[in-house]
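These are the residues of each chain, in order.
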Amino acid sequence: MDNIQYILNGMMREALSPQTAAVAIAVIGLNIHFGYTGLINIGQSAFMLLGAYGFAIAIWHGLPMIVGILLGFGAAFVFALVLGAPTLKLRGDYLAIVTISAAEIIRYVGRSSLLTDFTGSAQGIPGSQYRDPFTGLSFFGGGSFTLIPFNYADVADGAAWVRLLGWLLAIVSIAALVYVLRSGDRFSGGARKGLVVLLVVWIVLLLLFLFPVANQRTGVNGWWVRFIAWSLVLLCSFLVYLLVSSPWGRLLRGIREDEDAVRSLGKNVFAIKMQALVIGGLFGALGGMMYVLPASVQPDSMGRSLTFFCYTALLLGGAATIFGPVLGSVIFFAARIGIKYTAAAYVPDSVLNGQQTEQFSYIVVGVALMLIVIFRPQGILGNKRELQFNV
Amino acid sequence: MSDATISPSGLADPAARAALVAGFDAVPGAPKPDPILVVDNIVRQFGGMTAVDVQHLEVQRGIITALIGPNGAGKTTFFNLVTGFDRATTAGKGAHWSFDGRTLDKTSASSVAKAGMVRTFQLTKALNAMTVIDNMMLGAQGQVGENLLRSVFRPAWRDQEREVEAKADELLQRFKLYEKKYDYAGSLSGGQRKLLEMARALMSDPKMIMLDEPMAGVNPALTQSLLGHIQALRDEGMTVLFVEHDMHVVRHISDWVAVMAEGRLVAEGPADTVMSNPAVIDAYLGAHHDTDLGDDSLLSDEVLEELAEEVAAEDAEREAEEQAEGLR
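Residues numbered from 1 in each chain as written. Chains lettered and ligands numbered in written order. Predicted model: local features only at pLDDT ≥ 70, side-chain atom pairs only at ≥ 80, totals over all residues.

For chain B, an unreviewed UniProt entry supplies the name ABC transporter ATP-binding protein and the organism Nocardioides aquiterrae.

Chain A has the name Branched-chain amino acid ABC transporter permease in an unreviewed UniProt entry, where Nocardioides aquiterrae is given as its organism. Quoted verbatim from the Subcellular location (unreviewed entry) field of UniProt, the annotation for chain A is "Cell membrane". (UniProt positions renumbered as here; feature names shortened; annotations may be inferred.)

K.L.:
For this particular structure, what's the right way to read the interface of chain A and chain B?
P.N.:
With 26 residues of chain A at the interface, the matching set in chain B holds 28 residues. No other element matches the seven residues that helix 11 (residues 247–257) of chain A contributes to the side of chain A that touches chain B. When the residues that make up the side of chain A that touches chain B are grouped by side-chain class, the tally is eleven nonpolar, six polar and nine charged. (Contact = placed C-beta atoms within 7 Å. Helix = DSSP H or I, 4+ residues; strand = E, 2+ residues; numbered from the N terminus. Nonpolar A, V, L, I, M, F, W, Y, C, P; charged D, E, K, R; others polar.)

K.L.:
Just to check I follow, could you spell out the sheet that holds strand 2 (residues 49–60) of chain B for this structure?
P.N.:
Backbone-to-backbone hydrogen bonds pair the strands of a sheet. The strands run either parallel or antiparallel. Residues and elements named next belong to chain B. Overall, antiparallel pairing links the four strands, which are arranged 2-1-4-5 in an open sheet. The sheet is open, and its two edges are formed by strand 2 and strand 5 (102–103), each paired on a single side. Where strand 1 (residues 35–46) meets strand 2, ten bridges bridge the pair, whose relative direction is antiparallel. Bridge assignment links Pro-35 to a residue of strand 2, and that residue is Gln-60. (Pairing = 2+ DSSP bridges.)

K.L.:
How do you make sense of the domain arrangement of chain A when you look at a structure like this?
P.N.:
Interface size is commonly expressed as the accessible surface area that is lost when the partners come together. We note that the domain assignment places domain 1 (2–140 + 218–387) and domain 2 (150–211) within chain A. Taking the mean C-alpha position of each, domain 1 of chain A and domain 2 of chain A sit 29 Å from one another. (Domains from an automatic or database assignment.)

K.L.:
For this particular structure, what's the right way to read the packing of helix 4 (residues 65–87) of chain A against helix 13 (residues 269–292) of chain A?
P.N.:
If you want to describe how two helices pack, look at the angle between their axes and the distance between the axes. Residue and element names in this part refer to chain A. Across the interface, helix 4 lies against helix 13 with an axial gap of 8 Å and an inter-helix angle of 145°. Handedness of the crossing formed by helix 4 with helix 13: right-handed. In this structure, helix 4 contributes Ile-69, Gly-72, Phe-73, Ala-76, Phe-77, Phe-79, Ala-80 and Gly-84 to the contact, and helix 13 contributes Lys-273, Met-274, Leu-277, Val-278, Gly-281, Leu-282, Gly-284, Ala-285 and Met-289. Taken together, the residues of the contact of helix 4 with helix 13 break down into twelve nonpolar, four polar and one charged. (Axes fitted to C-alpha atoms, helices over the stretch in contact; angles between N-to-C directions. Left-handed = near helix turned anticlockwise from the far one by under 90°.)

Structure (structure tokens):
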């Protein structure tokens, strides 16, 4: 019981972590590239790294935070232009090749000892060098804070039956949500939307009740950075919703389906693909800035594997959907921690030691990605008729 | 239609069209009184193979012109070149074409479409994972909401969007696709996709529509309705240029026919007479199509010598022609 509580608490903590939110923002950008425009960008981590470098280096060298943010966006903007100019007129594969190599180039340049004064080479830039202006903005005050002050421990002293009942209720609620979402026409327009929103809010509150998360209010990894990160996730999702439900979004989907057809209708396909690449890259840069705020700027932590995590999260949640990237990121990171803790708790050390459980969790994630692509190519929220993974 | 030079009433009348085309010379590259498209010296080579080598072609405004020729004659390549989907080998070295008075020597496919010359494809390019109405609305020109910065402000494009949708509805009704408005284009039949592609092209109010094999893979019943639509377009004043293999179709609807073979324009003429042009028969059937190769009497030495001489003479002629071209 306590083991399970511990594992689920860990998953909840990971799901709410600012780095999950940061990856979600980067995945929202990747969704514009891959989901809506069909651009295969395998270098989203480079956009993140450039955003993080621009932000961290500027503040480290005494520039105001706003300059750092602009520098991070500027670096990603230029990077997108440089990558797009030669490749967007060619077939899609070329962008994939160029982005993955460019991402490695950026990472290796960042690691170079020649740039120690700027990038801190392989050691990276410690968070303490650039975090202060951000935490200084906090109006959350000091001390610690638990999200939802009322939790399971307050009912019958957190007895086992309270928790079991709660978990059962959570499972039933999630099942009900899935049922409502899949029921098609049974619930009409407004009622359906209302029911979905109500159920989502109820499930979130219930989960927070069952797995309370306590953190510092401000601190390195506190509620302040979480609040900003998740607010940005919502803001970015809303922005993407506005973009893709406009005629511009229709153009993106047209380009994804058939560039030549769109060209024959008198649209400047190159310019629109470039716009999509830049916009998605800017989301990536923003994600990168959030990613390093509670940690440090380390080129090796933002390499190929981060790009692949982004893709896994995107495909899991569902490409070409608004909330797919967010849901995918949350489930991806929570599930990975869940696997890791479960392996640590139930598999003896002689079989899997602490370090191996970490690796084991990634193996399971890889297998899960394969299973998704085979059995549910459209992801959790995706529309099979609109887009499935078939590259 | 903003263009005042088009006179729909005049050319909707078959007799008027017959009188108009009767005035054209039935020779390759014949001048026309009011050409909408003029093509000069457009050559496309793939390695050593010359796929297209058209010296001069004029397409008359307001009528249906068919472009025919055997397989591999370079019709589709010619289409691609003129619509900006391919680049002529002679680009910048004498290739020159103009549409509606505008020179198009170097413009991209999208600018060609914006100028008013919209094409369809031999293999239909319906956007399968989008709904029929989305397909249609993509075709409209000058949409404010397609600007990235303005796209996030719904009020900036909401009114225009409604107009575009109304126009799309009208076209869908005309092409009998209105019931499929919210269906995915991928769920339509092959013929319906052809109709959708044509309707989508019309969303941009083109002056000239280029159809690449509009009847390929369409059942006979739908062919009738497609033909009707094409004729209706002409009667409204649009210029139509289409590639087709089916001679019945060509004879039925085209006012003027241009014939290509081995990349060159070999003949032009009205549909009913161009088929009997010896150059056309040669192109389709070969110069010796009426010689029975199974006839033993042909196997005599005399006949073989005769044929060999003929071939040698032909080769010499071709060589001389090529040299003359090289000098030019």
